[in-house]
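The chain contents come next:
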Amino acid sequence: MTPMDSYKLWIDNKDKDALSGETFTTTNPATGAPLATLARAKREDVDVAVASATKAFATWSVMDPNERARILWKAGELVMSKLEELAKLESLDTGKPIANARLIDVPRTADTFFYFSGWATKLGGETIPVRGAVLNYTLREPLGVIGAIIPWNFPLLLAARKIAPALTVGNTVVIKPPEEASLTTILLAKILAEAGVPEGVLNVITGYGEECGAALVEHPGVAKISFTGGTDTGRIIMRTAASTLKRVSLELGGKSPNIVFADADVATAAKAAVTAAFYNQGELCTAGSRLLVERSVHDQVLETVANGARALVPGDPLDPKTQMGPLVSAEHRDKVVGYVRAGETEGAKRVAGEPRATGEGGYFVNPTVFSDVAEKMKIAREEIFGPVVSVIPFEGVDEAARIAGATEFGLAAGVWTRDIAKAHALAARLRAGTVWINTYNRFDAASPYGGYKQSGFGRENGRAVLDELTQLKSVWVALT
Ligand code: NAD
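What you see is a predicted model; the values in this text were computed from it and never measured. (Residues numbered from 1 in each chain as written. Predicted model: local features only at pLDDT ≥ 70, side-chain atom pairs only at ≥ 80, totals over all residues. Heavy atoms only, no water.)

1. Notes on the site of the ligand
(1) Moving on: Close contacts around the ligand come from 30 residues, with E179, G230, T233, L252 and E383 the closest.
(2) Moving on: Between an oxygen atom of the ligand and a side-chain N or O atom of E383, the distance comes to 2.5 Å.
(3) Moving on: Here the shell around the ligand takes 5 residues from helix α7 (residues 209-218), the largest share from any one element.
(4) Moving on: Tallied by class, residues from the shell around the ligand come to 17 nonpolar, 8 polar and 5 charged.
(5) Moving on: Both domains that furnish three or more residues to the shell around the ligand are identified here as domain 1 (6-252 + 455-476) and domain 2 (257-444). (Near = heavy atom within 4 Å. Polar contact = N/O pair within 3.5 Å; in protein donor to acceptor, adjacent residues only side chain to side chain. Helix = DSSP H or I, 4+ residues; strand = E, 2+ residues; numbered from the N terminus. Nonpolar A, V, L, I, M, F, W, Y, C, P; charged D, E, K, R; others polar. Domains from an automatic or database assignment.)

Encoded structure:
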(Lines give C-alpha, C1' and ligand atoms only; values in the text may rest on other atoms or scores of the structure.)
Protein backbone atom coordinates (compact mmCIF):
# COMPACT_ATOMS: atom_id res chain seq x y z
CA MET A 1 0.00 0.00 0.00
CA THR A 2 1.46 3.37 -0.97
CA PRO A 3 0.10 6.86 -0.35
CA MET A 4 -1.68 8.68 -3.20
CA ASP A 5 -3.57 5.44 -3.82
CA SER A 6 -7.26 5.12 -3.51
CA TYR A 7 -8.44 3.21 -0.47
CA LYS A 8 -11.57 1.13 -0.15
CA LEU A 9 -13.67 -0.22 2.66
CA TRP A 10 -12.36 -3.41 4.27
CA ILE A 11 -15.20 -5.90 4.69
CA ASP A 12 -14.92 -9.71 4.86
CA ASN A 13 -11.14 -9.33 4.49
CA LYS A 14 -11.64 -7.75 1.08
CA ASP A 15 -11.38 -4.28 -0.43
CA LYS A 16 -14.85 -3.02 -1.30
CA ASP A 17 -16.15 0.15 -2.92
CA ALA A 18 -18.90 2.01 -1.11
CA LEU A 19 -22.27 0.84 -2.47
CA SER A 20 -22.94 4.37 -3.74
CA GLY A 21 -19.54 4.37 -5.46
CA GLU A 22 -18.81 7.73 -3.75
CA THR A 23 -15.39 8.71 -2.46
CA PHE A 24 -13.75 11.55 -0.56
CA THR A 25 -10.23 12.95 -0.65
CA THR A 26 -7.83 13.66 2.21
CA THR A 27 -4.89 16.06 2.25
CA ASN A 28 -1.31 15.87 3.39
CA PRO A 29 -1.25 18.27 6.39
CA ALA A 30 2.40 19.18 5.74
CA THR A 31 1.67 20.53 2.25
CA GLY A 32 -2.07 20.86 1.82
CA ALA A 33 -1.80 18.67 -1.31
CA PRO A 34 -4.25 15.79 -1.91
CA LEU A 35 -3.03 12.60 -0.26
CA ALA A 36 -5.56 9.83 -0.81
CA THR A 37 -9.03 9.00 -2.06
CA LEU A 38 -11.20 6.91 0.21
CA ALA A 39 -14.53 5.12 -0.13
CA ARG A 40 -17.34 7.12 1.47
CA ALA A 41 -19.37 4.66 3.53
CA LYS A 42 -23.00 5.44 4.27
CA ARG A 43 -25.78 3.68 6.13
CA GLU A 44 -26.11 0.84 3.59
CA ASP A 45 -22.38 0.08 3.86
CA VAL A 46 -22.61 0.09 7.64
CA ASP A 47 -25.42 -2.48 7.31
CA VAL A 48 -23.17 -4.72 5.22
CA ALA A 49 -20.24 -4.38 7.63
CA VAL A 50 -22.38 -5.10 10.70
CA ALA A 51 -24.01 -8.12 9.00
CA SER A 52 -20.55 -9.47 8.19
CA ALA A 53 -19.34 -8.96 11.79
CA THR A 54 -22.52 -10.55 13.16
CA LYS A 55 -21.99 -13.65 11.04
CA ALA A 56 -18.32 -13.87 12.04
CA PHE A 57 -19.20 -13.58 15.74
CA ALA A 58 -20.81 -17.02 15.64
CA THR A 59 -17.46 -18.70 15.03
CA TRP A 60 -14.91 -16.24 16.43
CA SER A 61 -16.61 -16.11 19.84
CA VAL A 62 -16.32 -19.90 20.29
CA MET A 63 -12.91 -20.36 18.71
CA ASP A 64 -10.24 -22.06 20.82
CA PRO A 65 -8.89 -19.17 22.93
CA ASN A 66 -5.34 -20.38 22.28
CA GLU A 67 -5.97 -19.83 18.60
CA ARG A 68 -7.27 -16.30 19.17
CA ALA A 69 -4.22 -15.60 21.32
CA ARG A 70 -1.87 -16.93 18.65
CA ILE A 71 -3.45 -14.75 15.95
CA LEU A 72 -3.26 -11.59 18.07
CA TRP A 73 0.37 -12.25 19.05
CA LYS A 74 1.19 -12.79 15.39
CA ALA A 75 -0.54 -9.47 14.58
CA GLY A 76 1.84 -7.74 17.02
CA GLU A 77 4.82 -9.35 15.32
CA LEU A 78 3.59 -8.32 11.87
CA VAL A 79 3.04 -4.75 13.07
CA MET A 80 6.69 -4.62 14.17
CA SER A 81 7.85 -6.15 10.89
CA LYS A 82 6.02 -3.34 9.05
CA LEU A 83 7.20 -0.59 11.41
CA GLU A 84 8.64 1.60 8.69
CA GLU A 85 5.61 1.39 6.39
CA LEU A 86 3.18 2.08 9.22
CA ALA A 87 5.25 4.94 10.64
CA LYS A 88 5.54 6.63 7.25
CA LEU A 89 1.84 6.31 6.50
CA GLU A 90 0.85 7.62 9.95
CA SER A 91 3.24 10.55 9.60
CA LEU A 92 1.99 11.43 6.10
CA ASP A 93 -1.63 11.17 7.08
CA THR A 94 -1.60 12.98 10.46
CA GLY A 95 1.45 15.25 10.17
CA LYS A 96 3.14 13.76 13.23
CA PRO A 97 6.94 13.60 13.21
CA ILE A 98 8.09 10.25 11.87
CA ALA A 99 10.62 9.90 14.68
CA ASN A 100 7.71 9.78 17.15
CA ALA A 101 5.69 7.39 15.01
CA ARG A 102 8.68 5.02 14.89
CA LEU A 103 9.40 5.28 18.59
CA ILE A 104 5.89 5.35 20.05
CA ASP A 105 2.90 4.83 17.74
CA VAL A 106 3.99 1.65 16.02
CA PRO A 107 5.77 -0.18 18.89
CA ARG A 108 2.96 0.67 21.35
CA THR A 109 0.47 -0.68 18.78
CA ALA A 110 2.38 -3.97 18.68
CA ASP A 111 2.54 -4.04 22.51
CA THR A 112 -1.22 -3.68 22.65
CA PHE A 113 -1.64 -6.87 20.61
CA PHE A 114 1.05 -8.70 22.63
CA TYR A 115 -0.54 -7.72 25.95
CA PHE A 116 -4.15 -8.52 25.03
CA SER A 117 -3.30 -11.80 23.28
CA GLY A 118 -2.53 -13.24 26.74
CA TRP A 119 -5.99 -12.48 28.08
CA ALA A 120 -7.72 -14.74 25.52
CA THR A 121 -6.85 -17.75 27.70
CA LYS A 122 -7.13 -16.14 31.12
CA LEU A 123 -10.53 -14.58 31.52
CA GLY A 124 -13.25 -16.75 33.01
CA GLY A 125 -16.19 -16.73 35.37
CA GLU A 126 -16.27 -17.92 38.99
CA THR A 127 -18.22 -20.25 41.26
CA ILE A 128 -20.32 -18.51 43.89
CA PRO A 129 -21.13 -19.88 47.36
CA VAL A 130 -24.94 -19.61 47.40
CA ARG A 131 -27.61 -20.99 49.72
CA GLY A 132 -29.07 -24.47 49.07
CA ALA A 133 -28.15 -27.63 47.18
CA VAL A 134 -27.25 -25.83 44.00
CA LEU A 135 -24.15 -24.99 42.08
CA ASN A 136 -24.01 -21.39 40.92
CA TYR A 137 -21.34 -20.18 38.55
CA THR A 138 -20.81 -17.33 36.12
CA LEU A 139 -19.84 -17.41 32.48
CA ARG A 140 -18.06 -14.35 31.13
CA GLU A 141 -19.25 -13.93 27.56
CA PRO A 142 -18.43 -11.49 24.75
CA LEU A 143 -20.98 -8.82 23.84
CA GLY A 144 -21.19 -9.29 20.07
CA VAL A 145 -20.35 -6.64 17.47
CA ILE A 146 -18.38 -3.70 18.87
CA GLY A 147 -18.61 -0.41 16.97
CA ALA A 148 -15.32 1.47 17.38
CA ILE A 149 -14.97 5.16 16.51
CA ILE A 150 -11.58 6.88 16.79
CA PRO A 151 -10.03 10.35 16.29
CA TRP A 152 -7.10 11.45 14.13
CA ASN A 153 -4.35 12.18 16.62
CA PHE A 154 -3.16 8.59 17.19
CA PRO A 155 -5.33 6.62 14.77
CA LEU A 156 -3.15 3.51 14.56
CA LEU A 157 -2.58 3.16 18.29
CA LEU A 158 -6.17 4.00 19.20
CA ALA A 159 -7.45 1.49 16.63
CA ALA A 160 -5.29 -1.16 18.30
CA ARG A 161 -6.59 -0.17 21.74
CA LYS A 162 -10.14 -0.84 20.57
CA ILE A 163 -9.51 -3.89 18.37
CA ALA A 164 -7.11 -6.01 20.47
CA PRO A 165 -9.16 -6.23 23.71
CA ALA A 166 -12.44 -6.66 21.82
CA LEU A 167 -11.12 -9.53 19.71
CA THR A 168 -9.25 -11.32 22.48
CA VAL A 169 -12.47 -11.99 24.42
CA GLY A 170 -14.37 -13.09 21.31
CA ASN A 171 -16.17 -9.96 20.07
CA THR A 172 -16.06 -8.84 16.46
CA VAL A 173 -15.44 -5.22 15.44
CA VAL A 174 -16.61 -2.65 12.92
CA ILE A 175 -14.27 0.32 13.14
CA LYS A 176 -14.76 3.82 11.74
CA PRO A 177 -11.47 5.68 11.55
CA PRO A 178 -11.39 9.50 11.40
CA GLU A 179 -12.12 11.03 8.00
CA GLU A 180 -8.88 13.06 8.25
CA ALA A 181 -6.59 10.06 8.78
CA SER A 182 -7.89 6.57 8.00
CA LEU A 183 -4.96 4.99 6.21
CA THR A 184 -3.18 3.12 9.00
CA THR A 185 -6.44 1.64 10.28
CA ILE A 186 -6.98 0.08 6.85
CA LEU A 187 -3.41 -1.21 6.76
CA LEU A 188 -3.75 -2.56 10.31
CA ALA A 189 -6.89 -4.50 9.30
CA LYS A 190 -4.96 -6.04 6.40
CA ILE A 191 -2.15 -6.99 8.79
CA LEU A 192 -4.67 -8.66 11.08
CA ALA A 193 -6.05 -10.65 8.15
CA GLU A 194 -2.49 -11.73 7.33
CA ALA A 195 -2.09 -12.80 10.97
CA GLY A 196 -5.10 -15.08 10.59
CA VAL A 197 -8.12 -13.01 11.67
CA PRO A 198 -11.01 -14.65 9.75
CA GLU A 199 -13.21 -12.68 7.38
CA GLY A 200 -15.82 -10.46 9.01
CA VAL A 201 -14.13 -10.39 12.43
CA LEU A 202 -12.75 -6.91 11.74
CA ASN A 203 -14.35 -4.58 9.20
CA VAL A 204 -13.25 -1.00 8.44
CA ILE A 205 -15.73 1.59 7.19
CA THR A 206 -14.30 4.94 6.14
CA GLY A 207 -16.45 8.04 5.92
CA TYR A 208 -17.81 11.05 7.72
CA GLY A 209 -18.82 11.13 11.37
CA GLU A 210 -22.35 12.45 10.97
CA GLU A 211 -23.01 9.98 8.15
CA CYS A 212 -21.12 6.73 8.59
CA GLY A 213 -20.29 7.13 12.33
CA ALA A 214 -23.85 8.05 13.25
CA ALA A 215 -25.23 5.06 11.29
CA LEU A 216 -22.92 2.77 13.28
CA VAL A 217 -24.11 4.26 16.58
CA GLU A 218 -27.76 3.87 15.56
CA HIS A 219 -27.40 0.31 14.28
CA PRO A 220 -29.46 -2.21 16.28
CA GLY A 221 -26.97 -5.00 15.47
CA VAL A 222 -24.13 -3.24 17.33
CA ALA A 223 -23.85 -4.24 20.99
CA LYS A 224 -21.56 -1.46 22.14
CA ILE A 225 -19.95 1.74 20.90
CA SER A 226 -16.41 2.33 22.05
CA PHE A 227 -15.70 5.96 21.23
CA THR A 228 -12.63 8.17 21.49
CA GLY A 229 -12.98 11.77 20.39
CA GLY A 230 -14.30 15.18 21.34
CA THR A 231 -16.57 15.81 24.33
CA ASP A 232 -19.36 17.34 22.23
CA THR A 233 -19.36 14.33 19.88
CA GLY A 234 -19.45 12.09 22.96
CA ARG A 235 -22.66 13.79 24.08
CA ILE A 236 -24.25 13.17 20.66
CA ILE A 237 -23.16 9.53 20.71
CA MET A 238 -24.60 8.92 24.15
CA ARG A 239 -27.93 10.46 23.12
CA THR A 240 -28.05 8.46 19.87
CA ALA A 241 -27.11 5.17 21.56
CA ALA A 242 -30.05 5.58 23.94
CA SER A 243 -32.54 4.63 21.23
CA THR A 244 -31.19 1.07 21.06
CA LEU A 245 -29.91 1.05 24.67
CA LYS A 246 -26.50 -0.09 23.53
CA ARG A 247 -23.53 0.16 25.82
CA VAL A 248 -21.22 3.13 25.38
CA SER A 249 -17.74 3.92 26.60
CA LEU A 250 -16.38 7.41 26.00
CA GLU A 251 -12.76 8.59 25.98
CA LEU A 252 -13.12 12.34 25.56
CA GLY A 253 -11.23 15.59 25.83
CA GLY A 254 -9.02 17.04 28.54
CA LYS A 255 -7.51 20.21 29.94
CA SER A 256 -4.97 18.53 32.11
CA PRO A 257 -3.14 20.37 34.91
CA ASN A 258 0.58 19.75 35.17
CA ILE A 259 1.46 20.96 38.67
CA VAL A 260 5.01 21.99 39.60
CA PHE A 261 5.78 22.64 43.28
CA ALA A 262 8.77 24.69 44.41
CA ASP A 263 10.19 21.64 46.21
CA ALA A 264 10.38 19.64 42.96
CA ASP A 265 13.45 19.06 40.84
CA VAL A 266 12.34 22.24 39.08
CA ALA A 267 14.74 22.06 36.14
CA THR A 268 13.61 18.54 35.26
CA ALA A 269 9.93 19.42 35.76
CA ALA A 270 10.20 22.50 33.53
CA LYS A 271 11.92 20.56 30.78
CA ALA A 272 9.32 17.81 30.97
CA ALA A 273 6.53 20.41 30.86
CA VAL A 274 7.60 21.32 27.32
CA THR A 275 7.06 17.75 26.11
CA ALA A 276 3.89 17.41 28.20
CA ALA A 277 2.37 20.41 26.42
CA PHE A 278 3.75 20.07 22.91
CA TYR A 279 4.20 16.36 22.20
CA ASN A 280 2.34 15.46 18.98
CA GLN A 281 1.83 19.22 18.33
CA GLY A 282 -0.28 19.33 21.49
CA GLU A 283 -2.82 17.16 19.67
CA LEU A 284 -2.94 14.87 22.64
CA CYS A 285 -5.96 14.40 24.88
CA THR A 286 -3.72 14.30 27.97
CA ALA A 287 -1.58 17.31 26.94
CA GLY A 288 -0.39 19.22 30.01
CA SER A 289 -2.07 22.32 28.62
CA ARG A 290 -2.42 24.05 32.00
CA LEU A 291 0.97 24.39 33.63
CA LEU A 292 0.36 25.26 37.29
CA VAL A 293 3.56 26.57 38.90
CA GLU A 294 4.14 27.47 42.54
CA ARG A 295 4.72 31.21 42.63
CA SER A 296 8.31 31.20 43.95
CA VAL A 297 9.55 29.19 40.93
CA HIS A 298 7.06 30.57 38.39
CA ASP A 299 9.46 32.85 36.50
CA GLN A 300 12.18 30.20 36.32
CA VAL A 301 9.78 27.58 34.93
CA LEU A 302 8.16 30.04 32.52
CA GLU A 303 11.54 30.97 31.06
CA THR A 304 12.57 27.32 30.58
CA VAL A 305 9.24 26.42 28.97
CA ALA A 306 9.29 29.45 26.65
CA ASN A 307 12.86 28.66 25.59
CA GLY A 308 11.94 25.00 25.14
CA ALA A 309 8.97 25.95 22.95
CA ARG A 310 11.15 28.17 20.75
CA ALA A 311 13.76 25.41 20.40
CA LEU A 312 11.37 22.76 19.06
CA VAL A 313 12.33 22.05 15.46
CA PRO A 314 9.39 22.44 13.05
CA GLY A 315 9.42 20.95 9.58
CA ASP A 316 8.59 18.12 7.24
CA PRO A 317 7.12 15.32 9.38
CA LEU A 318 9.03 12.75 7.30
CA ASP A 319 12.37 14.33 8.28
CA PRO A 320 13.66 12.37 11.31
CA LYS A 321 14.97 15.62 12.87
CA THR A 322 11.52 17.25 12.92
CA GLN A 323 10.01 17.72 16.38
CA MET A 324 6.90 19.75 15.47
CA GLY A 325 4.77 18.74 12.51
CA PRO A 326 1.74 20.57 11.13
CA LEU A 327 -1.70 20.32 12.68
CA VAL A 328 -4.00 17.80 11.06
CA SER A 329 -6.13 20.13 8.91
CA ALA A 330 -6.62 23.74 7.87
CA GLU A 331 -9.86 23.83 9.85
CA HIS A 332 -8.15 22.63 13.02
CA ARG A 333 -5.21 25.03 12.49
CA ASP A 334 -7.70 27.92 12.26
CA LYS A 335 -9.42 26.79 15.45
CA VAL A 336 -6.12 26.69 17.34
CA VAL A 337 -5.03 30.10 15.99
CA GLY A 338 -8.46 31.39 17.08
CA TYR A 339 -7.65 30.32 20.65
CA VAL A 340 -4.29 32.11 20.50
CA ARG A 341 -6.07 35.30 19.41
CA ALA A 342 -8.69 34.84 22.15
CA GLY A 343 -5.91 34.52 24.74
CA GLU A 344 -4.41 37.83 23.64
CA THR A 345 -7.80 39.57 23.49
CA GLU A 346 -8.64 38.38 27.00
CA GLY A 347 -5.38 39.84 28.31
CA ALA A 348 -2.99 36.88 28.62
CA LYS A 349 0.64 37.52 27.70
CA ARG A 350 2.09 35.51 24.81
CA VAL A 351 5.72 34.87 25.75
CA ALA A 352 6.54 32.40 22.96
CA GLY A 353 5.03 31.46 19.62
CA GLU A 354 3.98 33.57 16.68
CA PRO A 355 0.26 33.25 16.01
CA ARG A 356 0.86 33.23 12.26
CA ALA A 357 0.90 29.97 10.38
CA THR A 358 4.31 29.00 9.06
CA GLY A 359 5.56 26.42 6.58
CA GLU A 360 5.04 25.92 2.89
CA GLY A 361 1.29 25.55 2.56
CA GLY A 362 1.08 23.15 5.49
CA TYR A 363 -1.01 23.67 8.61
CA PHE A 364 1.80 24.69 10.97
CA VAL A 365 1.34 26.56 14.25
CA ASN A 366 4.30 27.59 16.38
CA PRO A 367 4.39 26.27 19.97
CA THR A 368 2.79 29.02 22.03
CA VAL A 369 3.27 29.83 25.72
CA PHE A 370 0.95 32.18 27.61
CA SER A 371 1.61 33.71 31.03
CA ASP A 372 -0.72 35.95 33.06
CA VAL A 373 -3.58 33.58 32.37
CA ALA A 374 -6.68 34.16 34.48
CA GLU A 375 -8.83 31.14 35.34
CA LYS A 376 -11.91 32.49 33.58
CA MET A 377 -10.15 32.90 30.21
CA LYS A 378 -11.10 30.54 27.38
CA ILE A 379 -7.51 29.36 27.03
CA ALA A 380 -7.57 28.25 30.69
CA ARG A 381 -10.86 26.36 30.44
CA GLU A 382 -11.41 24.94 26.96
CA GLU A 383 -9.54 22.15 25.23
CA ILE A 384 -7.43 23.67 22.43
CA PHE A 385 -5.91 20.40 21.20
CA GLY A 386 -2.93 22.23 19.75
CA PRO A 387 0.49 23.57 20.78
CA VAL A 388 -0.69 26.15 23.32
CA VAL A 389 0.12 26.07 27.03
CA SER A 390 -1.21 28.38 29.75
CA VAL A 391 1.15 28.98 32.67
CA ILE A 392 -0.79 29.70 35.87
CA PRO A 393 0.79 30.53 39.25
CA PHE A 394 -0.46 29.16 42.60
CA GLU A 395 0.42 29.23 46.28
CA GLY A 396 0.39 25.91 48.20
CA VAL A 397 -1.35 22.55 47.81
CA ASP A 398 -4.92 23.71 48.40
CA GLU A 399 -4.84 26.35 45.72
CA ALA A 400 -3.16 23.94 43.30
CA ALA A 401 -5.91 21.36 43.90
CA ARG A 402 -8.64 23.96 43.51
CA ILE A 403 -7.32 25.34 40.20
CA ALA A 404 -6.59 21.80 38.93
CA GLY A 405 -10.23 20.86 39.45
CA ALA A 406 -11.71 24.03 37.99
CA THR A 407 -12.62 22.68 34.53
CA GLU A 408 -15.30 20.30 33.28
CA PHE A 409 -12.57 17.79 32.36
CA GLY A 410 -10.81 15.13 34.43
CA LEU A 411 -8.59 13.11 32.14
CA ALA A 412 -5.08 13.39 33.61
CA ALA A 413 -2.81 15.42 35.87
CA GLY A 414 0.88 15.74 36.64
CA VAL A 415 2.42 16.43 40.07
CA TRP A 416 6.06 17.42 40.51
CA THR A 417 7.46 17.48 44.07
CA ARG A 418 10.15 15.76 46.17
CA ASP A 419 7.70 15.51 49.08
CA ILE A 420 6.34 11.96 48.79
CA ALA A 421 3.48 12.42 51.25
CA LYS A 422 2.31 15.54 49.45
CA ALA A 423 2.48 13.79 46.09
CA HIS A 424 0.39 10.79 47.16
CA ALA A 425 -2.12 12.90 49.09
CA LEU A 426 -2.65 15.14 46.06
CA ALA A 427 -2.86 12.16 43.68
CA ALA A 428 -5.75 10.84 45.77
CA ARG A 429 -7.43 14.24 45.82
CA LEU A 430 -7.27 15.07 42.11
CA ARG A 431 -10.40 14.24 40.12
CA ALA A 432 -8.59 12.73 37.14
CA GLY A 433 -8.40 9.26 35.63
CA THR A 434 -4.61 9.29 35.50
CA VAL A 435 -2.09 11.04 37.77
CA TRP A 436 1.61 11.11 36.98
CA ILE A 437 4.06 11.89 39.78
CA ASN A 438 7.43 13.30 38.70
CA THR A 439 6.77 12.10 35.16
CA TYR A 440 4.17 12.75 32.46
CA ASN A 441 2.43 10.96 29.58
CA ARG A 442 3.35 7.41 30.56
CA PHE A 443 1.04 4.76 29.12
CA ASP A 444 1.07 1.00 29.02
CA ALA A 445 -1.38 -1.49 27.55
CA ALA A 446 -1.48 -3.09 31.03
CA SER A 447 -2.56 0.05 32.91
CA PRO A 448 -6.19 1.28 32.91
CA TYR A 449 -6.80 4.59 31.24
CA GLY A 450 -9.88 6.83 31.05
CA GLY A 451 -11.63 9.93 32.24
CA TYR A 452 -13.30 11.43 35.30
CA LYS A 453 -16.01 14.07 34.96
CA GLN A 454 -16.73 15.14 31.36
CA SER A 455 -13.58 13.47 30.05
CA GLY A 456 -15.78 10.40 29.70
CA PHE A 457 -16.31 7.05 31.35
CA GLY A 458 -15.20 3.49 30.88
CA ARG A 459 -11.59 2.36 30.90
CA GLU A 460 -9.27 1.26 28.15
CA ASN A 461 -6.21 -0.94 28.54
CA GLY A 462 -5.47 -3.38 31.32
CA ARG A 463 -7.85 -5.90 32.87
CA ALA A 464 -10.45 -3.13 33.30
CA VAL A 465 -11.42 -2.84 29.63
CA LEU A 466 -12.24 -6.55 29.44
CA ASP A 467 -15.03 -6.20 31.99
CA GLU A 468 -16.59 -3.63 29.70
CA LEU A 469 -16.32 -5.86 26.63
CA THR A 470 -17.92 -8.91 28.23
CA GLN A 471 -21.10 -9.71 30.14
CA LEU A 472 -21.73 -12.11 32.99
CA LYS A 473 -24.23 -14.93 32.88
CA SER A 474 -25.25 -16.59 36.14
CA VAL A 475 -25.94 -20.34 35.80
CA TRP A 476 -27.77 -22.37 38.48
CA VAL A 477 -27.57 -26.17 38.65
CA ALA A 478 -29.68 -28.25 41.02
CA LEU A 479 -27.51 -30.74 42.92
CA THR A 480 -30.36 -32.90 44.16
P1 NAD B 1 -14.32 14.20 16.91
O2 NAD B 1 -15.19 13.96 18.08
O3 NAD B 1 -14.66 15.30 15.98
O4 NAD B 1 -14.22 12.89 15.99
C5 NAD B 1 -13.87 11.63 16.52
C6 NAD B 1 -14.52 10.56 15.68
O7 NAD B 1 -15.94 10.64 15.81
C8 NAD B 1 -14.23 10.67 14.17
O9 NAD B 1 -14.02 9.38 13.64
C10 NAD B 1 -15.51 11.29 13.64
O11 NAD B 1 -15.75 10.97 12.30
C12 NAD B 1 -16.55 10.64 14.54
N13 NAD B 1 -17.82 11.38 14.63
C14 NAD B 1 -18.02 12.71 14.54
N15 NAD B 1 -19.34 13.00 14.68
C16 NAD B 1 -19.97 11.82 14.89
C17 NAD B 1 -21.33 11.46 15.10
N18 NAD B 1 -22.31 12.36 15.14
N19 NAD B 1 -21.62 10.16 15.28
C20 NAD B 1 -20.65 9.22 15.26
N21 NAD B 1 -19.35 9.51 15.04
C22 NAD B 1 -19.00 10.79 14.87
O23 NAD B 1 -12.88 14.37 17.51
P24 NAD B 1 -11.53 14.68 16.73
O25 NAD B 1 -11.53 16.13 16.38
O26 NAD B 1 -11.31 13.68 15.65
O27 NAD B 1 -10.47 14.37 17.86
C28 NAD B 1 -10.12 15.27 18.84
C29 NAD B 1 -10.78 14.97 20.16
O30 NAD B 1 -10.53 13.62 20.56
C31 NAD B 1 -10.25 15.81 21.27
O32 NAD B 1 -11.30 16.35 22.03
C33 NAD B 1 -9.43 14.85 22.11
O34 NAD B 1 -9.29 15.21 23.44
C35 NAD B 1 -10.18 13.60 21.95
N36 NAD B 1 -9.32 12.45 22.26
C37 NAD B 1 -9.54 11.77 23.43
C38 NAD B 1 -8.72 10.71 23.78
C39 NAD B 1 -8.93 9.95 25.06
O40 NAD B 1 -8.41 8.86 25.17
N41 NAD B 1 -9.64 10.47 26.03
C42 NAD B 1 -7.69 10.33 22.93
C43 NAD B 1 -7.48 11.04 21.74
C44 NAD B 1 -8.32 12.11 21.43
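2. Concerning the nonpolar core
(1) Moving on: Grouped together as the largest cluster of nonpolar side chains are 60 residues, with contacts concentrated most on F113, I163, L167, V173, I175, L188 and L192.
(2) Moving on: Considering every element that reaches this core, the biggest residue donor is helix α5 (residues 155-168), with 9 residues.
(3) Moving on: In this structure V173 touches I146, A148, I163, A166, L167, V201, L202 and N203, once residues within four positions along its chain are discounted. (Core = buried A, V, L, I, M, F, W, Y, C linked by side-chain atoms within 4.5 Å. Buried < 20%, exposed > 50% of the residue type's maximum accessible area, 1.4 Å probe, protein only. Contact = heavy atoms within 4.5 Å.)

3. Focus on the pairing of strand β19 (residues 388-394)
(1) Moving on: Of all the 7 residues making up β19, 6 are buried; the element is thus mostly covered by neighbouring parts of the structure.
(2) Moving on: Two elements, strand β14 (residues 290-294) and β19, share 5 bridges in a ladder whose sense is parallel. Its bridge partner lying in β19, E294 is registered against F394.
(3) Moving on: In this sheet, β19 lies alongside strand β18 (residues 368-371) in parallel orientation, the contact comprising 3 bridges. Across the sheet, residue V369 finds its bridge partner in β19, namely V389. (Pairing = 2+ DSSP bridges.)

4. Let's talk about the domain arrangement of the protein chain
(1) Moving on: Domain assignment breaks the protein chain into domain 1 (6-252 + 455-476) and domain 2 (257-444).
(2) Moving on: Spacing between the C-alpha centres of domain 1 and domain 2 amounts to 30 Å.
(3) Moving on: Each side of the interface is counted separately: domain 1 has 29 residues, and domain 2 has 31 residues.
(4) Moving on: Roughly 2300 Å² is buried in total at the junction of domain 1 and domain 2, and carbon and sulfur atoms are behind 57% of that figure.
(5) Moving on: At the boundary of domain 1 and domain 2, one finds 1 salt bridge.
(6) Moving on: Inspection of the domain 1/domain 2 interface yields 10 residue pairs in polar contact (both at pLDDT 80 or more).
(7) Moving on: Looking at the side of domain 1 that touches domain 2, the elements with two or more residues in it are α3 (83-94), α4 (98-119) and α8 (231-241).
(8) Moving on: For the side of domain 1 that touches domain 2, the element with the highest residue contribution is α4, accounting for 5 residues.
(9) Moving on: A breakdown of the residues in the side of domain 1 that touches domain 2 according to their chemical character gives 10 nonpolar, 12 polar and 7 charged. (Buried area = accessible area lost by both parts, 1.4 Å probe. Salt bridge = Lys/Arg side-chain N within 4 Å of Asp/Glu carboxyl O.)

5. A short note on the packing of aromatic side chains
(1) Moving on: According to the stated counting rule, one finds 8 aromatic pairs in the structure shown.
(2) Moving on: Here the aromatic rings of W152 and F385 are separated by 5.2 Å at their centres, their planes lie at 70 degrees, and the arrangement is edge-to-face. Remark: F385 occurs in the loop between α12 (378-381) and β19 and W152 occurs in the loop between β8 (145-149) and α5; sequence separation between them is 233 residues.
(3) Moving on: Looking at W152, the relative accessible area reads 13%, which means it is buried.
(4) Moving on: Classification of F385 as buried rests on a relative accessible area of 15%.
(5) Moving on: An aromatic cluster is built from W436, Y440, F443 and Y449, whose rings are joined through pairwise contacts.
(6) Moving on: Cation over ring: K96 sits above F154, and NZ or CZ is 3.6 Å from the ring centre.
(7) Moving on: The lysine or arginine in question, R161, covers the ring of Y449, its NZ or CZ lying 5.1 Å from the ring centre. (Phe/Tyr/Trp six-rings, centres within 6.5 Å; stacked < 30°, edge-to-face > 60°. Lys NZ or Arg CZ within 6 Å of the ring centre and 35° of its normal.)

6. Section: the sheet that holds strand β4 (residues 23-27)
(1) Moving on: Read from one edge to the other, the open sheet built from 3 strands follows the order β1-β5-β4, with strand pairing classed as mixed. Strand pairing shows two members of the sheet lacking a second neighbour, β1 (6-7) and β4, which therefore form its edges.
(2) Moving on: Of the strands in this sheet, β1 and β5 (34-39) are in contact with helix α6 (residues 183-195), which crosses β5 at around 55 degrees. (Axes fitted to C-alpha atoms, helices over the stretch in contact; angles between N-to-C directions.)

7. A few points about α8
(1) Moving on: Listed in full, the buried residues belonging to α8 are T231, G234, I237 and A241. For α8, the buried positions fall inside an angular range of 110 degrees around the axis, keeping them on one side. Facing away from the buried side of α8 by more than 90 degrees, the exposed set consists of D232 and R239.
(2) Moving on: Contact partners of the buried residues in α8: β8, α7, β11 (224-228), β12 (247-251) and β20 (409-410). (Arc of directions from axis to C-beta.)

8. Describing the pattern of salt bridges
Note that side chains of opposite charge can pair when their charged atoms are close.
(1) Moving on: In total, this model carries 28 salt bridges according to the counting rule given.
(2) Moving on: A salt bridge links E211 to R40; the nearest nitrogen and oxygen atoms lie 2.8 Å apart. Taken together, the positions of E211 in helix α7 and R40 in the loop between β5 and α1 (43-60) put the pair 171 residues apart, joining distant regions of the chain.
(3) Moving on: For E211, a relative accessible area of 23% translates into the label partly exposed.

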